[in-house]
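Listed here are the chains, written in short residue letters.
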Amino acid sequence: MTLSLYNTLGRKVEEFKPLNANKVGFYGCGPTVYNYAHIGNLRAYVTHDILVRILRRLNFDVTHVMNVTDVGHLSGDNDTGDDKMLKSAEERGKSVLEVADFYTKAFFNDTERLMIARPNVICKATEHIGEMISLIKRIEANGYTYLSGGNLYFDIAKFKSYGELANLRLDELKAGARTEVDGFKRNPGDFVLWFTKSKFENQALQWDSPWGRGYPGWHIECSAMSIKYLGEQFDIHSGGIDHIQIHHTNEIAQSEAATNKHPWVKYWVHNEFLVLDRGKMSKSTGSFITLQNLIDAGYDPLDYRYFLLGGHYRSQLQFSFESLDGAKNARKSLLNILKALYDKAGKPAADSLRGGATGKAAEYIEVFETALGDNLNTPRALSSLWTLIKDNGIPARGIIAAVFDMDTVLGLNLEKILSAADQTSVDENKKAGIEALVLRRTEAKKAKDFKTADDIRDELKQKGVILEDTPKGTIWKLI
Ligand code: AMP
Ligand code: ZN
């Protein structure tokens, strides 16, 4: 199996070749923790997860780093608008750190429910201010900054390849400047590295720095933390497509201006958006759907994961409850078919099946891997899973071996669900047995056969079941 990835830097599909032997450094932009993640954000993290799982399948030693933004992110990525953390804390009557802590926990609860493997390093911006200051000093020493109105800015005109990732042209940037422009900037595309003066006089979190007491701009955290944990050049960086133009463009400028090394990151992977039929989902306006909303509406988090796998990460994906129903039903049928095969194969543990997919089953794995290796084509990978499980020329054990193997990438938790289904059927059987006895007792009582009725009550008690006779009938409970 080989892996090709669409690299936003250069805009073409390239074969993945790590910088160092079998080690892969991967940085995915994490959440800004001022609110719950919405299901669109979660698409980004499922995409990261699939990529990491494929890299691990290829036996790469992956270090996955994810930041948690708890300071410095304004609602406009170009230093305009409200401070997201501050605004949320004020609205909720909490401190910024309380808000950050609450939504960080909520975020990792969501990712766990979606079977997203926990990154090797999770780093909070507020715990890396020292690293940010050191990096800014290097950028300053190399001549890429200016102080204006109390803030330290990055001067994009000094960085010759500025905008390469997004194919931006400096003259177009000037012409297309947004309406709200910070008057201290020389060029509308310049961005803040360190704020000491801003419109937020009540900025909750501030630190001392060579440029005065203040706080970092948003972009610098990702440069500082990725370099700290992955080195001055690393393999893959990802995020949603909204980050190409500003955030990632600025991250590249800062990192390369500090280190003088090009390219800072070899492969840039960006996921397309999840959109609602009624338009864009926005975390800052509050008009969005969370994973918990889906759970409350009766869906399993894995229905949503399955739904996401049904779309290619580079295509926009339209969310609707009808299409989520489609995913839910498909996952249900998948589990039903697999349950029958799993029982037929003697309920084997995944560990006992390693290397068990031979012959035709192994061919399906190859098709599956080719699909994933082709720029993470999860829809095609899923369809190879479906043809496999319907192929009655393969023994059940071989199918299950291949399916469990595929699930190391798909992350649908199949082994756990299938073995737990056994547990449920035991419970269902037990329940049916209790109800049959309760019915026999009711009939015995009707026939005034109190001896039998009492014997049944005792028998149930020995099984840990107590009975209560009510005007509406007999209710049973487990002790
Ligand atoms: P944020 O917490 O706003 O910084 O966003 C977290 C991640 O979600 C980033 O990688 C964004 O690019 C990504 N993202 C935001 N909205 C969507 C969406 N509707 N669909 C897919 N990814 C998104
Ligand atoms: Zn970032």
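Residues numbered from 1 in each chain as written. Chains lettered and ligands numbered in written order. Predicted model: local features only at pLDDT ≥ 70, side-chain atom pairs only at ≥ 80, totals over all residues. Heavy atoms only, no water.

Participant: Is there a simple way to think about the overall build of the chain in this case?
Facilitator: What the chain contains, in helices and strands, is 15 helices and 17 strands. The principal-axis extents of the C-alpha atoms in the chain amount to approximately 95 × 60 × 40 Å. For the chain, with 479 residues in total, the buried portion stands at 54%. Partitioning the contacts of the chain with sequence separation of at least 6, the portion at a separation of at least 24 is 74%. Split by element, the accessible area of the chain, about 21,600 Å² in all, is 51% carbon and sulfur. (Helix = DSSP H or I, 4+ residues; strand = E, 2+ residues; numbered from the N terminus. Buried < 20%, exposed > 50% of the residue type's maximum accessible area, 1.4 Å probe, protein only. Contact = heavy atoms within 4.5 Å. Areas by Shrake-Rupley, 256 points an atom, 1.4 Å probe, with all protein chains shown as cover.)

Participant: What is the right way to read the nonpolar core from this model?
Facilitator: If you look at soluble globular proteins, the nonpolar side chains tend to sit buried side by side. Counting 140 residues, the largest nonpolar core has Phe 154, Ile 236, Tyr 304 and Phe 319 as its most contacted members. Per-element accounting of this core gives the leading share, ten residues, to helix H13 (residues 396-410). In this structure Ile 236 touches Leu 5, Phe 16, Val 24, Gly 25, Phe 26, Tyr 27, Leu 51, Leu 55, Val 265, Tyr 267 and Val 269, once residues within four positions along its chain are discounted. Counting seven residues, the second largest nonpolar core, distinct from the first, contains Ile 434, Val 438, Ile 456 and Leu 467. (Core = buried A, V, L, I, M, F, W, Y, C linked by side-chain atoms within 4.5 Å.)

Participant: I would appreciate a short explanation of the sheet that holds strand E9 (residues 151-154) in the present structure.
Facilitator: Sheets are built from strands paired through backbone hydrogen bonds, the pairs being either parallel or antiparallel. Within the open sheet, the four strands sit side by side as E8-E9-E10-E11. Their pairing is antiparallel. Single-partner strands in this sheet number two, and they are strand E8 (145-148) and strand E11 (215-216). Pairing of E9 with strand E10 (residues 191-195), which is carried by three bridges, proceeds in the antiparallel orientation. Considered in E10, the bridge of Leu 152 is made with Trp 194. Where helix H4 (residues 129-141) meets the sheet, it contacts E8, E9, E10 and E11, and its direction lies at approximately 125° from that of E10. (Pairing = 2+ DSSP bridges. Axes fitted to C-alpha atoms, helices over the stretch in contact; angles between N-to-C directions.)

Participant: Please clarify how the sheet that holds strand E12 (residues 234-240) should be interpreted in this entry.
Facilitator: The parallel open sheet is built from five strands, whose spatial order is E7-E4-E3-E12-E13. Whereas interior strands pair on both sides, the edge strands pair on one side only; in this sheet they are strand E7 (121-124) and strand E13 (265-271). Taking each pair of neighbouring strands and ignoring which way they run, the sheet shows an average axis angle of 20°. Relative to E7, strand E4 (residues 61-68) is paired through four bridges, and the arrangement is parallel.

Participant: Honestly, unusual backbone geometry in this entry has me stumped. Any pointers?
Facilitator: Generally, phi is negative for residues other than glycine and the peptide bonds are trans, each holding for most cases. For the peptide bond that leads from His 262 to Pro 263, omega is -5°, which places it in the cis range. Mapped onto the fold, Pro 263 is located in the loop between helix H7 (244-259) and E13. With phi around 55°, Arg 11 is a residue other than glycine that occupies positive phi space. Looking at where Arg 11 falls in the secondary structure, it is placed in the loop between strand E1 (4-7) and strand E2 (12-15). The class for Arg 11 is partly exposed, based on a relative accessible area of 36%.

Participant: Quick question: what am I supposed to make of the packing of aromatic side chains here?
Facilitator: Where two aromatic rings form a pair, the distance of their centres and the angle of their planes describe that pair. Taken as a whole, this structure holds 22 aromatic pairs when the rule is applied. Residues Tyr 144 and Phe 154 carry aromatic rings whose centres are separated by 5.8 Å and whose planes lie at 10° to one another, so their mutual orientation is stacked. With Tyr 144 in the loop between H4 and E8 and Phe 154 in strand E9, the pair connects residues that are ten residues apart, well separated along the chain. Taken as a pair, Tyr 144 and Phe 154 share a single burial class, namely buried. An aromatic cluster of at least three residues, connected via ring pairs, comprises Tyr 299, Tyr 304, Phe 307, Phe 319 and Phe 321. Above the face of the Tyr 146 ring, Arg 186 is positioned so that its terminal group lies 3.9 Å from the ring centre. (Phe/Tyr/Trp six-rings, centres within 6.5 Å; stacked < 30°, edge-to-face > 60°. Lys NZ or Arg CZ within 6 Å of the ring centre and 35° of its normal.)

Participant: How should helix H9 (residues 301-309) be read in this particular structure?
Facilitator: Burial of H9 is extensive: nine of the nine residues sit out of reach of the surface. Restricting attention to buried positions, one finds in H9 the residues Pro 301, Leu 302, Asp 303, Tyr 304, Arg 305, Tyr 306, Phe 307, Leu 308 and Leu 309.

Participant: Whenever I open this one, the environment of Asn 120 confuses me. Can you help?
Facilitator: With respect to the element layout, Asn 120 can be found in the loop between helix H3 (96-113) and E7. Note: C-alpha distance between Asn 120 and Met 66 (54 residues apart in sequence) is 8.1 Å. Excluding residues within four positions of it along the chain, Asn 120 makes contact with Arg 56, Val 62, Thr 63 and His 64. At 3.0 Å, the side chain of Asn 120 forms a polar contact with the side chain of Arg 56. Engagement of the side chain of Asn 120 in a polar contact is seen with the backbone nitrogen of His 64, the distance being 2.7 Å. (Polar contact = N/O pair within 3.5 Å; in protein donor to acceptor, adjacent residues only side chain to side chain.)

Participant: Help me understand the environment of Arg 354, please; the structure alone is not making it clear to me.
Facilitator: Mapped onto the secondary structure, Arg 354 falls in the loop between helix H10 (321-344) and helix H11 (359-373). In this structure Arg 354 comes out as exposed when scored by relative accessible area, which is 63%. Distance in space between the C-alpha atoms of Arg 354 and Asp 407 is 13 Å, their sequence separation being 53 residues. Here the side chain of Arg 354 touches Asp 351 through a polar contact of 2.5 Å, side chain to side chain.

Participant: What should I look at first to understand helix H1 (residues 39-57) in this one?
Facilitator: An α-helical turn contains 3.6 residues, so any two residues separated by three or four positions project in the same direction. Taking 1.5 Å per residue, 19 residues should reach 27 Å; H1 reaches 26 Å between its end C-alpha atoms and fits that length. Judged by how many residues are buried, H1 sits mostly within the fold: 18 of 19 residues are covered. (Expected span 1.5 Å × (residues − 1).)

Participant: Please clarify how the packing of helix H2 (residues 84-92) against H3 should be interpreted in this entry.
Facilitator: When two helices pack together, their arrangement is captured by the angle between the axes and the distance separating the axes. The N-to-C vectors of H2 and H3 enclose an angle of 95°; their axes lie 8 Å apart at closest approach. With respect to their mutual orientation, H2 and H3 come out roughly perpendicular. Note on element contacts: H3 touches H2 through Val 96, Val 99, Ala 100 and Tyr 103, opposite Met 85, Leu 86, Ser 88, Ala 89 and Arg 92. When the residues that make up the contact of H2 with H3 are grouped by side-chain class, the tally is seven nonpolar, one polar and one charged. (Parallel < 35°, antiparallel > 145°, perpendicular 65-115°, else oblique. Nonpolar A, V, L, I, M, F, W, Y, C, P; charged D, E, K, R; others polar.)

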